[in-house]
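Residue-level listing of the chains:
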Amino acid sequence: MAATSYFLLTVFLALASSQAIASDPSPLQDFCVADKHSPVKVNGFVCKDPMAVNADDFFKAAKLDEPRNTMHSKVGSNVTLINVMQLPGLNTLGISIARIDYAPLGLNPPHTHPRATEILTVLEGTLYVGFVTSNPNNTLFTKELNKGDVFVFPQGLIHFQFNPVHDKPAVALAALSSQNPGVITIANAVFGSKPPISDDVLAKAFQVGKGTIDWLQAQFWENNHY
């Protein structure tokens, strides 16, 4: 009986431990400023010596109140992301921020953040936004947002923002639940990969001729993150 109880306790602890390590770890100290010069490779960045940390490690003069140039973007948007790469003090804190500027009829094209949920608020103008759920339903949720409105995009799902107004720009501020949320712009990844995905594969996937795929792969798939 004792052996059985011991076995059940061991199984329970193993299951509890597996659940505990399946999520992101909580910070174990006040901060862990990223040491980008360390040769040690970890999931994130090694901590800078706390005795060498100063207020500038938690500061960036990002000027997020200033308009960004959208004229050089083919899609008419400009994303200014502040993550751990620009602000070392964000390391292990699980958050980042972005300003997004939209030209009239500008688009932040369909994309995903593999490591973050995004919450977006409109600062100026109007945005038509939406996201698509995963297979098999692929349900589209959309909303038109005005100044002061808030919308959330669940982690990993394809989403977009579009300025439907032809004569006025729009601005939004987004917060993301990761120090380095990552972004995968769908068209760029599929048609602009290096080396390119086989046109046989893409023609079959999109049910079009290979000539259409070849034309798409020949386009310039730019990044609207600056």
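Rules of the game
Position numbers for residues count from 1 along each chain, tracking the sequence in the order it is written. Note on the predicted model: pLDDT of at least 70 is required for a residue's local features to be given, and 80 or more for side-chain atom pairs to be given and counted; whole-chain, interface and lining totals, by contrast, use all residues. To get the side-chain values, take all heavy atoms of the structure and skip hydrogens and water. UniProt positions are given in the numbering used here, feature names are shortened, and annotations may be inferred rather than shown by experiment. Secondary structure elements follow DSSP: runs of H or I of four or more residues count as helices, runs of E of two or more count as strands, with numbering from the N terminus. In this scheme, a residue with accessible area under 20% of its type's maximum is buried, one over 50% is exposed, and one in between is partly exposed, where area comes from a 1.4 Å probe on protein chains only. Here, residues are in contact when the closest pair of their heavy atoms is within 4.5 Å. Exposure was quantified through the Shrake-Rupley algorithm and a 1.4 Å probe, taking into account, for residues, occlusion by the shown protein chains and nothing else. Under the rule applied, a polar contact is a pair of N or O atoms within 3.5 Å (in protein, one hydrogen donor and one hydrogen acceptor; residues adjacent in sequence only if both atoms are side-chain atoms). The aromatic pairing rule takes the rings of Phe, Tyr and Trp, using the six-membered ring of Trp, and pairs them if the centres are within 6.5 Å, calling planes under 30 degrees apart stacked, those over 60 edge-to-face and the rest tilted. Put simply, a disulfide is two cysteine sulfurs that come within 2.5 Å. For the purposes of this section, nonpolar cores are sets of buried Ala, Val, Leu, Ile, Met, Phe, Trp, Tyr and Cys residues that join through side-chain atoms within 4.5 Å.

The chain has the name Germin-like protein in an unreviewed UniProt entry, where Urochloa decumbens is given as its organism. Regarding the chain, the UniProt comment filed under Sequence similarities (unreviewed entry) reads as follows: "Belongs to the germin family." According to its UniProt record, the chain has this under Subcellular location (unreviewed entry): "Secreted, Extracellular space, Apoplast".

Section: the overall build of the chain
Along the backbone of the chain there are four helices and ten strands. Element order for the chain, N to C, with α for helix and β for strand: α-β-β-β-β-β-β-β-β-β-β-α-α-α. Across the 226 residues in the chain, those meeting the buried criterion constitute 32%. Residue pairs in contact within the chain that sit at least 24 positions apart in sequence constitute 69% of those at least 6 positions apart. When the accessible surface of the chain is split by element, carbon and sulfur atoms take 63% of a total near 14000 Å².

Examining the side chain of Ser-38
Following the sequence through the fold, Ser-38 ends up in the loop between α1 (2-20) and β1 (77-82). Exposure remark for Ser-38: the relative accessible area of 15% places this residue in the buried category. Looking at Ser-38, its side chain comes within polar contact range of the main-chain nitrogen of Val-40, at 3.2 Å.

Quick word on the packing of aromatic side chains
Going through the model one piece at a time under the given rule, you end up with seven aromatic pairs. Both rings, one in Phe-191 and one in Trp-221, keep their centres 5.9 Å apart while their planes meet at 25°; by these two values the pair is stacked. With Phe-191 in helix α2 (residues 186-191) and Trp-221 in the segment after α4 (210-217), the pair connects residues that are 30 residues apart, well separated along the chain. A relative accessible area of 10% means that Phe-191 is categorised as buried. Classification of Trp-221 as partly exposed rests on a relative accessible area of 29%. Here the aromatic residues Phe-131, Phe-141, Phe-151 and Phe-153 are joined through ring pairs into a cluster of three or more.

With respect to the state of the cysteines
With the rule as written, the count across this model stands at one disulfide. Through a disulfide, Cys-32 is tied to Cys-47; the S-S separation comes to 1.9 Å. Here the S-S torsion is close to -110°, and the disulfide linking Cys-32 with Cys-47 is therefore left-handed. Taken as a pair, Cys-32 in the loop between α1 and β1 and Cys-47 in the loop between α1 and β1 lie far apart in primary sequence, 15 residues in all. Relative accessible area serves as the criterion here: at 37%, Cys-47 is assigned to the partly exposed category.

Looking at the nonpolar core
If you look at soluble globular proteins, the nonpolar side chains tend to sit buried side by side. Counting residues in each nonpolar core, the largest one holds 18 residues, and the members touching the most others are Tyr-102, Leu-120 and Leu-127. Within the residue set of this core, elements represented by two or more residues are β2 (96-102), β4 (118-124), β5 (127-132), β7 (150-153) and β9 (170-176). If we ignore the near neighbours within four places in the chain, the residues touching Leu-120 are Ile-100, Tyr-102, Leu-127, Leu-145, Asp-149, Val-150, Phe-151, Phe-153, Gln-161, Ala-172, Leu-173 and Ala-174.

Considering the UniProt feature "binding site: oxalate" (unreviewed entry) in the chain
UniProt marks Asn-108, His-113 and Glu-118 with the feature "binding site: oxalate" (unreviewed entry), using the numbering shown here. Ignoring anything within four residues of it in the chain, the contact list for His-113 reads Glu-118, Gln-155, Gly-156, His-159, Leu-176, Pro-181, Gly-182 and Val-183. Within polar-contact distance, the side chain of His-113 engages the side chain of Glu-118 at 3.0 Å. Looking at the element boundaries, Glu-118 is found in strand β4. In contact with Glu-118, not counting residues within four places along its chain, are Ile-100, His-111, His-113, Phe-151, Val-152, Phe-153, His-159, Gln-161, Ala-174, Ala-175 and Leu-176.

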